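A structural walkthrough
The chain contents come next:
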Amino acid sequence: MTLKICTWNINSVRLREPIVLKLLAEEAPDILCLQETKSPVEKVPLEGFRQLGYEHVVARGQKGYNGVAIISRVPIEDAGQRDFCARGDARHVAARLPSGALIHNFYVPAGGDVPDRAVNEKFGHKLDFLEEMRGWFGAEPPRQSILVGDLNIAPREDDVWSHKKLLKVVSHTPIEVESLAAVQGSGNWIDVTRKDIPDGLLYSWWSYRARDWDAADKGRRLDHIWASPDLAEKSGGSRIARHVRGWDKPSDHAPVFAEFEV
């Protein structure tokens, strides 16, 4: 079967429930992975999802912060979570499909404003989180696995509006790019989005600070879909739904899609 997967940092699932429902109705992904839900699991608005056929949910949540959820039309089993950096943050959850394939949903720390762990604890947290990811996947490289989420790093020069101007800006600094590459390499992960769209500028996030985000177009590709080699070869159909960034009361992220034969 072909499985259509979407990942989206929603920046509060309760506040933006209307546009989540709109996306589900218009795009009909089989699985929607949300980050930054900012809600305890028991307060995630599930009834509307169920009315559209999304009856299966695996989630972890916190009040007002973080939060990850996997919402599905196909049966999924809770495959647990990992408490990265032992902080109790809801930044990872996994689900298993009937085929046995595993989906990891991540929300990597943003890292604050200053790219120096000596003066910015948030940046140090981000680097430590990535290092723990690297060690985890390196210990047992994944098979039949998909990794999605807001990884809060734009790794390539054409993943940002200006490589030169963002080299010292958190999300595109060399140390972050190297750390993300180490995570990717440790698990032999394939960047499915760039496998399908290898060339050209590509963004999934535009700041709220821009008066006209579309015209300014100062974006970054922070949201990713990776797959283990055995599933990457069965993937395709990657795209970023840029127009969703222009919906009413939007997230600052746009949904990212890919399809898999599983």
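A separate point is the pattern of salt bridges. What the rule picks out here adds up to 19 salt bridges. Close ionic contact of Lys126 with Glu176 constitutes a salt bridge, the shortest N to O distance being 2.6 Å. Taken together, the residues span a long stretch of sequence, with Lys126 in helix 3 (residues 121-139) and Glu176 in helix 5 (residues 174-186) at a distance of 50 residues. With a relative accessible area of 0%, Lys126 lands in the buried category. Looking at Glu176, the relative accessible area reads 0%, which means it is buried. Between Asp159 and Arg194 there is a salt bridge, and its shortest N-O distance comes to 2.9 Å. Residue Asp159 is found in the loop between strand 8 (145-150) and helix 4 (163-166), and its partner Arg194 is found in helix 6 (residues 192-196); the two are separated by 35 residues along the sequence. For the pair Asp159 and Arg194, one class covers both residues: buried.

On to helix 5, then. Count 3.6 residues to each turn of an α-helix, and residues three or four apart come out pointing the same way. Its 13 residues give helix 5 an end-to-end C-alpha distance of 18 Å, which sits within 8% of 18 Å, the value for a rise of 1.5 Å per residue. Glu176, Val177, Ser179, Leu180, Val183 and Ser186 are the residues of helix 5 that are buried. Next to the buried residues of helix 5 lie helix 3 and strand 12 (223-227). At the exit of helix 5 stands Asn188, carrying a positive phi of roughly 55°.

So, on to the nonpolar core. Judged by nonpolar contacts, the single largest core of 31 residues is most densely connected at Ile31 and Phe260. By residue number, the principal contributor to this core is strand 14 (residues 256-261), which donates three residues. Beyond its immediate chain neighbours, meaning those up to four positions away, Ile31 contacts Leu3, Lys4, Ile5, Cys6, Ile70, Ile71, Ser72, Val74, Leu97 and Ile103. One finds Ile19, Leu24, Val44 and Ala241 within the second-largest nonpolar core, a separate group that totals 19 residues.

For the structure on display, the rule yields zero disulfides. We note that Cys6 lacks a disulfide partner, and the nearest cysteine sulfur, in Cys33, lies 8.1 Å from it. Its relative accessible area of 0% is what places Cys6 among the buried residues.

It is worth spelling out the sheet that holds strand 2 (residues 31-35) at this point. The strand order across the open sheet formed by six strands is 3-4-2-1-14-13, and the pairing between neighbours is mixed. Each end of this open sheet is capped by a strand with a single partner; those strands are strand 3 (56-60) and strand 13 (235-240). If you compare each strand with its neighbour and ignore which way they point, the axes differ by 15° on average. Looking at chain direction, strand 1 (residues 2-9) and strand 14 are connected through six bridges and run antiparallel. Opposite Ile5, over in strand 14, you have Ala258 as the bridge partner. Where helix 1 (residues 17-27) meets the sheet, its contacts fall on strand 1, strand 2, strand 13 and strand 14, and the angle it forms with strand 1 comes to roughly 160°.

Before going further, it helps to examine the sheet that holds strand 8. With respect to topology, six strands assemble into an open sheet ordered 5-6-7-8-12-9, the strand pairing being mixed. Each edge of the open sheet carries a strand with a single partner, namely strand 5 (77-78) and strand 9 (190-191). Here strand 8 runs beside strand 12; their pairing, made up of five bridges, is antiparallel. Each bridged residue has a counterpart across the sheet, and for Gly149 the counterpart in strand 12 is His224. Strands in contact with helix 3 are strand 6 (92-96), strand 7 (102-107) and strand 8; relative to strand 7, the strand with the most contacts, it is inclined by about 165°.

Looking at the protein as a whole, its pLDDT mean stands at 98, while 100% of the residues score no less than 70. By mean pLDDT, helix 2 (residues 46-51) is the weakest element of the protein at 96, and strand 12 is the strongest at 99.

Right, let's talk about the environment of Pro141 for a bit. In this fold, Pro141 is placed in the loop between helix 3 and strand 8. Excluding its chain neighbours within four sequence positions, the residues that come into contact with Pro141 are Ser186 and Asn188.

Cut-off values and rules
Residues numbered from 1 in each chain as written. Predicted model: local features only at pLDDT ≥ 70, side-chain atom pairs only at ≥ 80, totals over all residues. Heavy atoms only, no water. Salt bridge = Lys/Arg side-chain N within 4 Å of Asp/Glu carboxyl O. Helix = DSSP H or I, 4+ residues; strand = E, 2+ residues; numbered from the N terminus. Buried < 20%, exposed > 50% of the residue type's maximum accessible area, 1.4 Å probe, protein only. Expected span 1.5 Å × (residues − 1). Contact = heavy atoms within 4.5 Å. Core = buried A, V, L, I, M, F, W, Y, C linked by side-chain atoms within 4.5 Å. Disulfide = S-S within 2.5 Å. Pairing = 2+ DSSP bridges. Axes fitted to C-alpha atoms, helices over the stretch in contact; angles between N-to-C directions. pLDDT = per-residue confidence, 0-100.

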